[in-house]
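Fold and contact review
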Amino acid sequence: MKRIHSRISRALAKSLAWLAMAVLIAALPAPAAHAQKELPSLPRDTGSTQIIDSLIPWLLSENQQLRGIPFAEVILDTTGKHVLGVDPKNETDQRVIKQISAALDDVMQRANRSDSTIQSIGRINEVSSHFEDFLHELLNLTPGLNCDFPRTADGKVQRSGYPDLRIVDLASKRVFYLDPKLYVAGSRDSSFRTFYFEPKIATNKIHDDAIHFIAGFEHEPRKEGHWNFTRWDLVDLAHFNVKLKAEFQGSNRDMYRPEAIVATSTK
């Protein structure tokens, strides 16, 4: 498959040059002998200052977002791997979709049972990992499939970050990434962020050309201590578009530097 060329214009790419440089430097893994050392900050020379000065007005005029970027291009440019679309005529794709669908049915039934561990959890944000565990177990019990948690570049299992599960069809060796999401009924058309992908080299978990799925589970508001999951959808991300939101960040360590503190409490 030929590499999909970025649709970002040269002028826009130039405006984003400094931002991209910062992301790449932050993503580079440190050598093993210096793993605990921090990477140096970008030099603030005349060139970088000029880029920053041209970048800020662009961010303000674009409402701090770059919109409509194909997710497949983001994955290709950051990992070198292709996001494959589901082929309606491919027997493997259709069989695996049916197998995943059966697992999703079972997961929803498990989750809705009154004795499910999920029912004792008060915050829906803490429920998601249980859906991952259910799917991991059920898909591994499915004949012909292997399911595991994706590993980072150094071979470590990392539960956080996209994607959550890696499925392999043993006969064809075809790979499918699966990421379960939970959302409350009535919020399907919400514009609030529900998906994010942070491109980093050291923690990248995408190492295959693969089909990428979101498994979206809808639930009602918790009532009388019970979560009720009402439907699921399996979404192909081959034609998913994402937005880049520029955000300048700082930590407590960045803020509370001794040389920056000009007054403090007496107690």
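What counts, and at which threshold
- Residues numbered from 1 in each chain as written.
- Predicted model: local features only at pLDDT ≥ 70, side-chain atom pairs only at ≥ 80, totals over all residues.
- Heavy atoms only, no water.
- Helix = DSSP H or I, 4+ residues; strand = E, 2+ residues; numbered from the N terminus.
- Buried < 20%, exposed > 50% of the residue type's maximum accessible area, 1.4 Å probe, protein only.
- Core = buried A, V, L, I, M, F, W, Y, C linked by side-chain atoms within 4.5 Å.
- Contact = heavy atoms within 4.5 Å.
- Salt bridge = Lys/Arg side-chain N within 4 Å of Asp/Glu carboxyl O.
- Phe/Tyr/Trp six-rings, centres within 6.5 Å; stacked < 30°, edge-to-face > 60°.

1. Topic: the overall build of the protein chain
- Counting its regular elements, the protein chain contains seven helices and eight strands.
- The buried share among the 267 residues of the protein chain stands at 34%.

2. Things to note about the nonpolar core
- Counting residues in hydrophobic clusters, the biggest one holds 30 residues, and the most contacted among them are L139, L178 and F229.
- At the level of elements, α5 (91–112), α6 (128–140), β3 (145–148), β4 (165–169), β5 (175–184) and β6 (210–219) are the ones that each hand at least two residues to this core.
- Of the residues forming this core, the biggest block, eight residues, is contributed by α5.
- For L178, the contacting residues outside a window of four places in its chain are I100, L135, L139, D164, L165, I167, F213, A215 and L234.
- Membership of the second largest hydrophobic core comes to 22 residues, among which are W58, L59, L66 and V242.

3. Looking at the pattern of salt bridges
- The final tally for this structure, using the stated rule, is eleven salt bridges.
- D115 serves as the salt-bridge partner of R113, at 3.0 Å between the closest nitrogen and oxygen.
- Of the charged contacts in the structure, one is a salt bridge between D208 and R166, with a shortest N-O distance of 2.9 Å. Of the two residues, D208 sits in the loop between β5 and β6 while R166 sits in strand β4, which places them 42 residues apart along the sequence.
- One salt-bridge network, in which partners are shared between bridges, spans R188, R231 and D233.

4. Regarding the packing of aromatic side chains
- Throughout the structure, instances matching the rule amount to ten aromatic pairs.
- With a centroid separation of 5.2 Å and 85° between ring planes, the pair formed by F195 and F240 is classed as edge-to-face. Taken together, the residues F195 in the loop between β5 and β6 and F240 in the loop between β7 (229–236) and β8 (241–245) connect sequence positions 45 residues apart.
- The exposure class assigned to F195 is buried, which follows from its relative accessible area of 15%.
- The class of F240 is partly exposed, set by a relative accessible area of 27%.

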